[in-house]
Amino acid sequence: MKKRLILALLVAAFVVSVVAVFVAGRWYLSQPIQSDASTPLLLDFRGGATARSVTIQVTEHFKKGNSALIYRLSQVFDDVDHLQAGLYEINGRQSWFDVWSMLSQGREKTFTVTLVEGLTLEQWRAQLKQLPYLKDESSELDPAELRQKLGVTETSIEGVLLPETYSYRAYTTDIAILKQAYQSMQQVLENAWQERSDRCPVNSPYELLILASIIEKETGLADERPLVASVFANRLAVGMRLQSDPTTIYGIENFDGNLTRTHLREKTEYNTYRINGLPPTPIAMPGKASIKAAANPARSPYYYFVADKSGGHVFSETLEEHQQAVRRYQLNQE
């Protein structure tokens, strides 16, 4: 009888111990790895990496835990055999269960890049080249090759990519982001063209982009864009030249920042002081607001504008009024 009692007690003690170890193991893996850690770990889990290597990297980074013990416990309590390759951000507030869930579901770290309106393609490409974990596949391509890679059907890539904030995962290519920007612009442009007003002065969606890019470069103030668009629409309607400095500058090779009278007199395909109508391509990447303004110019009597001293512009109906504004705001002649 005593032997049976002792055996039962031993079995009970063993069961309690197993349960205690089980509960303790699950509890341990469910706790924050290092709740007061300030620097997260960027874990590059690629081909050939293992769950064991993950535990080593994490424990070494956060200087906490026994990697061998954590690996064995994880084998018991979680799925560590079906982890997806990628770049992951691990912070100390996560538990080991969180880590394995993230890797098994492929919830990689995402990066963002904001491609700003008003910049040129080359400025965008230079920006993309500096981004972390983004593969550069465009810098060695000539314009024709890049157009083919992006699926661009227009004669130039300038202006046909949508300024926006884009997300990407590690080792995405810059080509993928530019292609997404092109596809996004196609949709925005189609919508704007369908919703254009009868005041829209151009004959095709591509011409709309060209006009929008000029508006983008002429003003950074949102409430001015429809008025700037109205000036260009009024000029095109009566056959006046656009006389836009930004278009002229775009056509100057290695422009040094100083626009001279010689530049304005030189006849290039972008010098709207010397050519009629629009330049042949956009001169920058226009944003949605400028595209909308080009498609829906304000109704106004204005044919001229000049920069004032506050970042905006003064609009004039007649050349005489415009010359007075130039003397006041540009030549400081009251």
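Residues numbered from 1 in each chain as written. Predicted model: local features only at pLDDT ≥ 70, side-chain atom pairs only at ≥ 80, totals over all residues. Heavy atoms only, no water.

Our next topic: unusual backbone geometry. Leaving glycine aside, a negative phi is the common case for residues, and trans is the common case for peptide bonds. Backbone geometry at Lys 63 places phi at a positive 55°, although glycine is not the residue there. Relative to the helices and strands, Lys 63 resides in the loop between helix 2 (51–62) and helix 3 (67–77). For Lys 63, a relative accessible area of 72% gives the class exposed. We note that Tyr 133 has phi near 60°; this positive angle belongs to a residue other than glycine. The residue Tyr 133 is located in the loop between helix 5 (121–129) and strand 4 (134–135) in this model. (Helix = DSSP H or I, 4+ residues; strand = E, 2+ residues; numbered from the N terminus. Buried < 20%, exposed > 50% of the residue type's maximum accessible area, 1.4 Å probe, protein only.)

Time to look at the packing of helix 2 against helix 3. Packing of helix 2 against helix 3 brings their axes to within 9 Å, and their N-to-C directions diverge by 135°. As far as their axial angle goes, helix 3 and helix 2 are oblique. Every pair of crossing elements has a handedness; the one defined by helix 2 and helix 3 is right-handed. In this structure, helix 2 contributes Ala 51, Arg 52, Thr 55, Ile 56 and Thr 59 to the contact, and helix 3 contributes Ser 67, Ile 70, Tyr 71 and Arg 72. (Axes fitted to C-alpha atoms, helices over the stretch in contact; angles between N-to-C directions. Parallel < 35°, antiparallel > 145°, perpendicular 65-115°, else oblique. Left-handed = near helix turned anticlockwise from the far one by under 90°. Contact = heavy atoms within 4.5 Å.)

Let us now look at the environment of Tyr 182. Its place among the elements puts Tyr 182 in helix 7 (residues 174–194). Spatially, the C-alpha atoms of Tyr 182 and Ser 244 are 26 Å apart, while their sequence positions differ by 62 residues. When near neighbours in sequence (up to four residues on either side) are disregarded, Tyr 182 contacts Leu 150, Gly 151, Val 152, Thr 153, Glu 154, Val 160 and Leu 161. Polar contacts involving the side chain of Tyr 182 include one to the main-chain amide nitrogen of Thr 153, which spans 3.4 Å. (Polar contact = N/O pair within 3.5 Å; in protein donor to acceptor, adjacent residues only side chain to side chain.)

If you look at the biggest cluster of nonpolar residues, it comprises 55 residues, and the most contacted ones within it are Leu 161 and Leu 208. Secondary-structure elements contributing two or more residues to this core are strand 3 (110–114), helix 5, helix 6 (143–150), strand 5 (165–169), helix 7, helix 8 (205–218), helix 9 (225–238) and helix 12 (288–295). Ranked by residues supplied to this core, first place goes to helix 7 with 10 residues. Non-local contacts of Leu 161, meaning those with residues more than four positions away in its chain, are made with Leu 121, Trp 124, Leu 178, Ala 181, Tyr 182, Met 185 and Met 285. (Core = buried A, V, L, I, M, F, W, Y, C linked by side-chain atoms within 4.5 Å.)

We now examine the pairing of strand 8 (residues 313–316). One face of the sheet, then the other: side chains in a regular strand alternate in exactly this way. As defined by bridge partners, strand 7 (residues 304–307) adjoins strand 8 across 4 bridges and the pair is classed as antiparallel. Paired with Phe 305 across the strands is Phe 315, a residue of strand 8. (Pairing = 2+ DSSP bridges.)

As a further point, take the packing of aromatic side chains. Across all of its chains, the model carries 8 aromatic pairs by this definition. The interplanar angle of 20° and the centroid separation of 5.4 Å between the aromatic rings of Phe 111 and Tyr 168 together place this pair among those described as stacked. Placement of Phe 111 in strand 3 and of Tyr 168 in strand 5 is noted, with a sequence separation of 57 residues between them. A relative accessible area of 4% places Tyr 168 in the buried class. An angle of 80° between the planes, with centres 5.8 Å apart, marks the rings of Phe 232 and Phe 305 as edge-to-face. Of the two residues, Phe 232 sits in helix 9 while Phe 305 sits in strand 7, which places them 73 residues apart along the sequence. Within the aromatic cluster, the residues linked to one another by ring pairs are Phe 111, Tyr 133, Tyr 168 and Tyr 171. For Arg 196, the ring lying beneath its charged end belongs to Trp 193, and the centroid distance is 3.8 Å. (Phe/Tyr/Trp six-rings, centres within 6.5 Å; stacked < 30°, edge-to-face > 60°. Lys NZ or Arg CZ within 6 Å of the ring centre and 35° of its normal.)

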